[in-house]
There are 2 protein chains.
Amino acid sequence: MATHSFQAPKGTRDFYPSDLAVRRHIERAWRSASIDCGFDEVEGPTFEHLELYTAKSGEGIVNELFSFRRAGGENDYALRPEFTPTLARMVAARAGSLPVPVKWFAIPNMYRAERPQRGRLREFVQWNIDTCGVEGAATDLDVIACAILALERLGLTPKDVQVRLSHRVAIAQMLGALGVSAEKSADAMTLLDRRDKLKPEEFAQRAEALGLGAGGVARFDLAARATQPLAEPIAKLAANIGISPEAFAALDEVRAAADRAGILEWCSVDVGIVRGLAYYTGTVFEIHEISGAERAVAGGGRYDGLVELFGGPKMPACGFGMGDVVLANVLRDRKLLPDDGSALLPRPDAFVISAGGELAENELPRLVMQLRRAGLHVRTSAKATRNVGKLLGDAGKARARFAVILGTELAEGSVALKNLDASSQELVALADLGERLISSR
Amino acid sequence: MATHSFQAPKGTRDFYPSDLAVRRHIERAWRSASIDCGFDEVEGPTFEHLELYTAKSGEGIVNELFSFRRAGGENDYALRPEFTPTLARMVAARAGSLPVPVKWFAIPNMYRAERPQRGRLREFVQWNIDTCGVEGAATDLDVIACAILALERLGLTPKDVQVRLSHRVAIAQMLGALGVSAEKSADAMTLLDRRDKLKPEEFAQRAEALGLGAGGVARFDLAARATQPLAEPIAKLAANIGISPEAFAALDEVRAAADRAGILEWCSVDVGIVRGLAYYTGTVFEIHEISGAERAVAGGGRYDGLVELFGGPKMPACGFGMGDVVLANVLRDRKLLPDDGSALLPRPDAFVISAGGELAENELPRLVMQLRRAGLHVRTSAKATRNVGKLLGDAGKARARFAVILGTELAEGSVALKNLDASSQELVALADLGERLISSR
């Protein structure tokens, strides 16, 4: 067997305990924020029918898919590159019976057959928040507030990351003012979103064809660079870039909703955030580390046509996706993750030690199981040594809160209970031990 | 697009909130038992190099693999059909630096390209517990005790499921007594494990070639049927099947360890449990629903050669896998799962209602976010109605513990707090609301 077979495939990860502790820490923030905000968790298959992606996402995404067919099977499948098609398919299938609004979250693994690079892997975890059935900026901001709640719980502040907001209607009106006709508006947005991937000449040529001459592109660039806090009046930005404030009226509703939700300071206007996917219809946003050095932490917006696109009824919808890779980079840069992820592992309540002797040796496995049955996290040593000093050292390395020492006092039904944080020690009756450990949590 | 594209692929599942709540309930029992027993969580890639499975698992498993190659790529991959090769690869890669014993658990998704049937799907979740570095029956039983702890937390008792134990040495000695030479012992075990998949004539022919004549097979069948509680002396079973008790000496150590761990009543001897995989070396076991009507809930044992097989040093090891599908069937049959999984979803702490008026309308989004920031699970209505009676009905449907009503008292800084379980109501100052809800949890 080739040596590479003994390594994780390129762009995927082995999560040793200290690595997974970091991922679980992030997922706990995602999950608790989702639940507190009233979203219910869903999950779908890891792979879907290939057509679910090719038919709606265009040719472009096919090269980024891991696709396969079961030996002897008829259907082509693909590892999911995003959760939105699965979500839309699931909502569409039960649209008649689901309570409205549908408020769902998911934390699925995702797969992209791209070249791995900083912030982009071939397998990653992505938090998805979606709501279907309710229109209006208040719902958009409810979704965004959930993202902010999770980021707050991870220790981030508005000085670390900002939600950069725009609105499809505002962008369309601005593009109109720059010379793009209404029919070409969506194509212009897709082009602007893909700008960094195109050669300057190619971009200029395509922009011209859409009605965006060099002057228009320059003014769009000016607008895209003229970000400002969402709290500030949009007239200021409009004046700076020479476009009528009416073009940005849709953003006033977004500001009012952000204000009422108490998250205004987390939000900026950034009309350069156009989002590439054609299905966005209203508010669009990305969450970025404030220096702009990293890829987007999250991206989303309103896509009112989504459920219909996947075979369901017309249903307003809004959501976002947030991956674990960029977020962990941002947290690490801000020293919001420990150098050694082991510090995030659950601490043992007790480390049980036998000081030797038949009584202790027989009692130890019984006691360990009894304490575990009581819901306590209990460890013990597999070593042959009965040197209590050495074993206490192991208890410390295991980060146990208490050591329980089975010694000579066992004959009188007692054990030594050592508080490893306070370095204090006392005798406790065996019968009281479980309750004592639970109450000292 | 074909209609089937809008359905989950055959053998996979869409988990709507009430479905996922059931799965999470099972996973919580697995995870909490793992942690309480001192196992650390790990995870690997969802797909591995195809060779990781084909080189060590033989041709047989290849037909059950979902394999694929990235467009333009050189390597073949396969969705993981089991976690053990990933685990062994990860232990082998860091064998020099990992603390001994390695005690790991994982709850990965698994994939088998088989025909879906009761208890077997193409995508499922499997709890894995593994320990590497320590020999002896006490460690085997420590692993088994962890499985029992999880089953206990799910409401199962020794009257519902039994751990059916055997030991490779005992089986080999019994086969020896029946006429199988030591060299043919492993082949005979593989054959016996695959018995139900073979035609009777084919089985008889192969058994004969291994030294198991019709008489030997009949006595093996007698032994395999002669299960008994592990607590009872093995001499009784040996006498029943006419084999010297010395052949089963290895099981005495297993019994003593089960007794010390306090799980003897969960365990039976079943020398018919041979396990098909060649890498087992000592204790082997399966957990079965007591009537035997379902497939195995779990299977595992000692595989001391495993880490070496995947490129690491010699290291004793023991572990098991437990899938979610059969376990959920057993729990459902025993009425240990609610008919509607929604009952397992987290209950909202509060459902916030506006009785109308500008003050309430403006306060509601602010209050909702403030309570969520305090770690409370808070829901509200997206409906336009301000009919408090109707909205209280929605609060009840959402299973909220409290309703918070923003009414005329808001002008004096108070809200009505209605306990939906006790149907009592009181006025609470807005400033005290969060603390009041947290303390009443």
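Above this text you will find the structure in question.
Here the residue index of a chain counts from 1 through its sequence in written order. Each chain is given a letter, starting from A, and each ligand a number, starting from 1, according to the order in which they appear as written. Local features are withheld for residues below a pLDDT of 70 in this predicted model, meaning they are given only at 70 or higher, and side-chain atom pairs are given and counted only at 80 or more; totals for whole chains, interfaces and linings count all residues.

### Here's the deal with the overall build of chain A
For step 1, the next point in the chain: Within chain A, the regular secondary structure consists of 15 helices and 18 strands.
For step 2, the next point in the chain: For a compact globule the rule gives 2.2 Å times the number of residues to the power 0.38, and the radius of gyration it is set against comes from C-alpha atoms. For chain A, the C-alpha radius of gyration of 28 Å lies well beyond 22 Å, the compact-globule estimate for 441 residues.
For step 3, the next point in the chain: Taken along the three principal axes of its C-alpha coordinates, chain A extends 90 × 60 × 45 Å.
For step 4, the next point in the chain: With C-beta atoms placed from the backbone, a residue is labelled by how many other C-beta atoms lie within 10 Å of its own: buried for 20 or more, exposed for 12 or fewer, partly exposed between the two. Per-residue burial over chain A gives 48% buried out of 441 residues.
For step 5, the next point in the chain: In this description, a residue-residue contact is defined by the distance between C-beta atoms placed from the backbone, which must lie within 7 Å. Across chain A, the fraction of contacts at a sequence separation of at least 24, relative to all contacts at a separation of at least 6, is 69%. Runs of E in the DSSP output that reach at least two residues are strands. Runs of H or I that reach at least four are helices, and both are numbered from the N terminus.

### Quick notes on the sheet that holds strand β3 (residues 67-69) of chain B
Residue and element names in this part refer to chain B.
For step 1, the next point in the chain: If DSSP finds at least two bridges between two strands, the strands pair. As summarised here, the arrangement of the three strands in space is β2-β4-β3, forming an open sheet in which the pairing is antiparallel. The outermost strands of the open sheet, each flanked by one partner alone, are β2 (47-49) and β3. Strand-to-strand twist in this sheet, taken as the mean axis angle between neighbours without regard to direction, amounts to 35°.
For step 2, the next point in the chain: In this sheet, strand β4 (residues 76-79) lies alongside β3 in antiparallel orientation, the contact comprising three bridges. What sits directly across from F68, in β4, is Y77. A fitted line through C-alpha atoms serves as each axis, taken over the contacting stretch for helices, and the angle formed by two N-to-C directions is quoted from 0 to 180°.

### Details of helix α10 (residues 249-260) of chain A
All names here are of chain A.
For step 1, the next point in the chain: Expected span, for any helix, means 1.5 Å times one less than how many residues it has. With 12 residues, α10 ought to run about 16 Å at 1.5 Å a step, and its terminal C-alpha atoms sit 18 Å apart, in line with that.
For step 2, the next point in the chain: Of all the positions in α10, only L251, V254, R255, A257, A258 and R260 are classed as buried.
For step 3, the next point in the chain: Downstream of α10 by one or two residues, G262 has phi in the positive range, about 75°.

### Let's talk about the relation of the copies chain A and chain B
For step 1, the next point in the chain: Structural alignment of chain A on chain B gives an RMSD of 0.1 Å, achieved by rotating through 180° and translating 0.0 Å along the axis. Between the two chains, the operation in question is that of a two-fold axis. Using C-alpha coordinates, one finds that chain A approaches the rotation axis most closely at F68(A), a distance of 2.6 Å.
For step 2, the next point in the chain: Interface overlap between copies: 99% of the residues of chain A at the interface are likewise at the interface in chain B, consistent with a symmetric, same-surface contact. To line up the copies, we fit them by least squares on C-alpha atoms, keeping just the residues with pLDDT of at least 70 in both.

### Topic: the pairing of strand β4 (residues 76-79) of chain A
Residue and element names in this part refer to chain A.
For step 1, the next point in the chain: Two strands pair when backbone bridges link them, and strand β2 (residues 47-49) and β4 are joined in this way by three bridges, in the antiparallel orientation. For E48, the partnering residue across the bridge sits in β4 and is A78.
For step 2, the next point in the chain: Hairpin connection of strand β3 (residues 67-69) to β4: six residues between the antiparallel strands, including G72 at a positive phi of 80°.

### A word on the interface of chain A and chain B
For step 1, the next point in the chain: Each side of the interface is counted separately: chain A has 72 residues, and chain B has 71 residues.
For step 2, the next point in the chain: At seven residues, the largest contribution of residues to the side of chain A that touches chain B is made by helix α13 (residues 358-373) of chain A.
For step 3, the next point in the chain: Of the residues that constitute the side of chain A that touches chain B, the class distribution is 39 nonpolar, 17 polar and 16 charged. In this classification, the charged set is Asp, Glu, Lys and Arg, the nonpolar set is Ala, Val, Leu, Ile, Met, Phe, Trp, Tyr, Cys and Pro, and all remaining amino acids, among them Gly, are polar.

### Looking at the nonpolar core
For step 1, the next point in the chain: To define a nonpolar core, we join buried Ala, Val, Leu, Ile, Met, Phe, Trp, Tyr and Cys residues through C-beta atoms within 7 Å and take the resulting set. If you look at the biggest cluster of nonpolar residues, it comprises 243 residues, and the most contacted ones within it are C146(A), A147(A), V404(A), C146(B), A147(B) and V404(B).
For step 2, the next point in the chain: With residues up to four places along the chain from it excluded, the contact list for C146(A) reads A33(A), S34(A), C37(A), F39(A) and I129(A).
For step 3, the next point in the chain: Core analysis: the second largest hydrophobic core is formed by 30 residues, F68(A), F66(B), M110(B) and V125(B) among them.

By themselves, these are just geometric observations and shouldn't be taken as functional.
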